[in-house]
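Analysis of the macromolecular model
Here's the letter readout for the chains.
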Amino acid sequence: MNTAEIAELHKKYVMPTYAPELALLKGAGTKVWDADGNEYLDFLAGIAVLNVGHCHPAVVKAIQEQAAKLMHVSNLYYNEQQPKLAQALVERAGGGKCFFCNSGAEANEGLIKLARLRGSPKGRFEVITMKNSFHGRTLATLTATGQEKVQKGFAPLPEGFVYAEFNDLASCEAAINEKTAAILVEAVQGEGGVVPADPAFLQGLRKLCDEKDILLLCDEVQAGMGRTGHWFSFQKYGVQPDAFSLAKALGNGFPIGAIVAAPKVADIFQPGNHATTFGGTPLACAAALAVIETIEKEHLLENAQTTGALLLEKLQTIAEKYDWIEGTRGCGLMVGLVLKDSATPLQKLLQKKGLLTLATAGNILRMLPPLIVTAEEVEQAAALTAEACKEIDAM
Ligand SMILES: *Cc1c(COP(=O)(O)O)cnc(C)c1O
C-alpha cells in the first residue's frame, strides 16, 4: 500500500485523534522509510521512545526469544524477567522497589494513588502539579496536566489537583496546605516546550517536601531512560524524589511503564491496593532489560551528553542569524529551538527535506533523536535546519 491508500483506510476506520501525514513502514537505527520509499532521519524517535533506535538488534532478539518462551503470565505468579528489570532500575535509581504497568499515564496514575494512599490516614489527598506540565490523558492525569487545552470538554474533573508555577518555589510553597499529599513535577518539561527546571527550584522542592512530610514525585516518562544524559533527569540535579514514573523509552517501543519508589514508600501498596493485567509481563520486561543493557554497553548516556551539546551549539548558531528565532533550550538529547511564532511551518519543511522533528507548545521546534545518534547525523540535521531556516527567512 502507498501513503494515499493507507491514509484512506485509516481515515475510514481509525478515530481522528491524530492528524498524520506520513505512513512509515520500516525503521533501522536513526532512519525510517515511508510507504512511498522516502528516507528520513528520525529526530523525533517516536516522541522520545526509541532511545536505542529503530529495531535495535539486541531488543529485537530479546523480544523474539522471550516471545517464543513465555509472553504473559498473570501477576498471580512470579516471572523471572520482572524482578530482574526491577533490580536493574532500582540499582540505577538509588534504591527502592518497582511497580510495572503499560504507559506513562498509567504510571503517573499509580504515583497519584500511592500519594493518596499514604496521605489517607491524615486526610491528605491533594497533589500539586505545575502549569504547562504534561502527565497523560486519563481523567486523573489530564487533570494533573497543567494545561487547559487537554482538559477542555471533560468536566467534571477529579478533585484534588492544585497548580503552581514551574520554576517558582514560592508559588509551590503557597499551594501547600494541610490536605497536600504530594508535589508532582517534571525535571525537564517536555510537552511544555523543553523547559529544564532551575537547580535551585528542584532542590528547593526537595527541602520543602521534607519539611512538610509530603512526597516529591517526578514524572520521568519523557526525560528518563538516558534522554538527558543521565539515567533519570533528576540525577543531573542531585535531587532524589520519593517516587518517579517511567514509560516511553523503557521498552524502546514495546509498551511498558513503571513506578520506581524509594524505600520509604516502597511497601505502601499492599495486595489489593493496585493492579494491572499486563504490567510487567516477561515479554515487556525482557525488552526493557535489553534496552538497559544496550544503553550501558554502547555508552549512550555519554553519547547523549556529547551529541546533545553539539546539537544545541549548532542550533544556537542558526538561532543567532534570525530575529524570528528567540534561542535554544535543552538538556542532553531533549533539544528545542524557540521561535517567536508557530514552529509548524519549519517542522513541515524539515519533513519535506527528510528530517523528522516535532512542533511543541506552539512555537518550539523539538528534537529528540535516538541516543545512538552520531555527531555526523547531528551535523546533517543541523545543516538541513540551517537550509530550511534560510528558505523560511526568504519567504
Ligand atoms: C508522554 C508523556 C506522558 C504520557 O505517557 P503515555 O504513555 O502517552 O500515557 C506522561 N508524562 C510525560 C512527561 C510524557 O512526556
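None of these values were measured; they are calculated from a predicted model. One numbering rule holds for all chains: residues counted from 1, following each sequence as written. Local features in a predicted model are, by the rule used here, given only for residues with pLDDT of at least 70; side-chain atom pairs are given and counted only at 80 or more, and totals for whole chains, interfaces and linings are based on all residues. Only hydrogens and water are removed before side-chain values are computed, so all heavy atoms of the structure are retained for them.

Overview of the site of the ligand
Filter applied, for reference: Proximity criterion: a residue is near a molecule or strand once any of its heavy atoms comes within 4 Å of it. Under this definition, polar contacts are N or O atom pairs within 3.5 Å; protein pairs additionally need one hydrogen-donor-capable and one acceptor-capable atom, and for neighbouring residues in sequence, both atoms have to be side-chain atoms. Computed with the Shrake-Rupley method and a 1.4 Å probe, the accessible areas treat only the protein chains shown as cover for residues. A helix here means a DSSP run of H or I that spans at least four residues, while a strand means a run of E at least two residues long, and both kinds are numbered starting from the N terminus.
The environment of the ligand is formed by Ser103, Gly104, Ala105, Asn108, Phe134, His135, Gly136, Glu186, Asp219, Val221, Gln222 and Lys248. Between the ligand and alanine 105 there is a distance of 2.8 Å, counted from an oxygen atom to a backbone nitrogen or oxygen. A distance of 2.6 Å separates an oxygen atom of the ligand from a polar atom in the side chain of lysine 248. Computed on the free molecule, the ligand has an accessible area of 380 Å², of which 80% lies beneath the protein chains in the complex. For the shell around the ligand, the leading source of residues is helix α5 (residues 104-119), giving three residues.

Let's talk about α5
Put simply, the rule is: Multiply 1.5 Å by the residue count of a helix minus one, and that product is the helix's expected span. Relative accessible area decides the class of each residue, using a 1.4 Å probe on protein chains only: under 20% of the type maximum gives buried, over 50% gives exposed, and in between gives partly exposed.
With 16 residues, α5 should reach 22 Å at 1.5 Å per residue; the first-to-last C-alpha distance of 23 Å fits that figure. Restricting attention to buried positions, one finds in α5 the residues Gly104, Ala105, Ala107, Asn108, Gly110, Leu111, Ile112, Leu114, Ala115 and Gly119. Measuring from the backbone nitrogen of glutamate 106 back to the side-chain oxygen at the start of α5 gives 3.2 Å, which picks out serine 103 as the cap.

Considerations on the pattern of salt bridges
Rules: The term salt bridge refers to a side-chain nitrogen of Lys or Arg lying within 4 Å of a carboxyl oxygen of Asp or Glu.
Summed over all chains, the structure comprises 18 salt bridges. Between lysine 131 and glutamate 165 there is a salt bridge, with the nearest N and O atoms lying 3.1 Å from each other. Placement of the pair is lysine 131 in the loop between β5 (126-130) and α6 (139-144) and glutamate 165 in the loop between β6 (161-164) and α8 (169-175), with a sequence separation of 34 residues. Glutamate 165 sits in the partly exposed class, given a relative accessible area of 35%. Between lysine 353 and glutamate 391 there is a salt bridge, and its shortest N-O distance comes to 2.7 Å. With lysine 353 in the loop between α12 (344-352) and β15 (355-356) and glutamate 391 in helix α13 (residues 375-394), this pair connects stretches of sequence that are 38 residues apart. Classification of lysine 353 as partly exposed rests on a relative accessible area of 22%. Residue classification places glutamate 391 among the partly exposed residues on the basis of a relative accessible area of 36%.

As for the sheet that holds β6
Which entries qualify depends on this criterion: Two strands pair if DSSP finds at least two bridges between them. Interaxial angles span 0 to 180 degrees and are taken between N-to-C directions of axes, which are lines fitted to C-alpha atoms, for helices over the stretch in contact.
On the basis of which strands lie adjacent, the open sheet formed by seven strands has the order β4-β12-β11-β10-β7-β5-β6 and mixed pairing. Of all the strands in the sheet, the pair left with one neighbour each is β4 (97-101) and β6. Taking each pair of neighbouring strands and ignoring which way they run, the sheet shows an average axis angle of 20°. One ladder, built from five bridges, connects β4 with strand β12 (residues 257-261); its direction is antiparallel. Each residue of the ladder has a partner; that of phenylalanine 100, found in β12, is alanine 258.

Considerations on helix α10 (residues 282-297)
Helix length check: α10 (16 residues) gives 22 Å between terminal C-alpha atoms against 22 Å at 1.5 Å per residue, within 8%. Counting buried positions along α10 yields 13 of 16 residues, so the element is predominantly enclosed. Looking one or two places after α10, you find histidine 299, whose phi comes out positive at around 50°.

Examining the packing of aromatic side chains
Here is the rule: Centre distance within 6.5 Å is the pairing criterion for rings of Phe, Tyr and Trp, where only the six-membered ring of Trp is used; planes under 30 degrees apart are then read as stacked, over 60 as edge-to-face, and the remainder as tilted. Charge-over-ring contacts are defined here by two conditions on Lys NZ or Arg CZ: a distance within 6 Å of the ring centre and an angle within 35 degrees of the ring normal.
According to the stated counting rule, one finds five aromatic pairs in the structure shown. Taking the centre distance of 5.5 Å and the plane angle of 75° together, the rings of phenylalanine 166 and phenylalanine 201 count as edge-to-face. Placement of phenylalanine 166 in the loop between β6 and α8 and of phenylalanine 201 in helix α9 (residues 199-212) is noted, with a sequence separation of 35 residues between them. Phenylalanine 201 matches phenylalanine 166 in its accessibility class, with the two residues each being buried. Pairing phenylalanine 232 with phenylalanine 244 gives two aromatic rings, centres 4.7 Å apart and planes at 50°, and the pair type is tilted. Highlighted residues: phenylalanine 232 in the loop between β10 (215-219) and β11 (243-246) and phenylalanine 244 in strand β11, separated in sequence by twelve residues. By the ring-pair criterion, three or more aromatic residues cluster together here, those being Phe232, Phe234 and Phe244. Geometry around tryptophan 33 places lysine 26 over its ring, the cationic atom sitting 4.9 Å from the centre. Between arginine 92 and the ring centre of tryptophan 231, over which it is positioned, the NZ or CZ distance is 5.1 Å.

Digging into the domain arrangement of the protein
Threshold: Residue ranges for the domains originate in an automatic or database domain assignment. Contacts were defined at the residue level, with two residues in contact if any of their heavy atoms lie within 4.5 Å. For any pair of parts, buried area is found by adding up, for both, the accessible area (1.4 Å probe) each one loses once the two are put together. Gly falls in the polar group here, along with every residue not listed as nonpolar (Ala, Val, Leu, Ile, Met, Phe, Trp, Tyr, Cys, Pro) or charged (Asp, Glu, Lys, Arg).
For the protein, the assigned domains read domain 1 (3-55 + 299-394) and domain 2 (58-297). Taken over C-alpha atoms, the centre of domain 1 sits 26 Å from the centre of domain 2. In this complex, domain 1 contributes 30 residues to the contact, which on the side of domain 2 involves 31 residues. For the pairing of domain 1 and domain 2, the buried interface totals around 2,400 Å² over both sides, and the portion due to carbon and sulfur atoms is 62%. The largest contributions to the domain 1 side of the interface with domain 2 come from Leu301, Cys331 and Met334, which together make up 27% of the buried area. Scanning the region where domain 1 abuts domain 2 turns up one salt bridge. When the shortest N-O distance is used, the salt bridge between arginine 366 and glutamate 191 registers 3.2 Å. Mapped by element, the contributors of at least two residues to the side of domain 1 that touches domain 2 are α2 (45-48), α11 (300-319), β13 (325-331), β14 (334-339) and β17 (364-367). The element best represented in the side of domain 1 that touches domain 2 is α11, accounting for four residues. The class makeup of the residues in the side of domain 1 that touches domain 2 is 20 nonpolar, eight polar and two charged.

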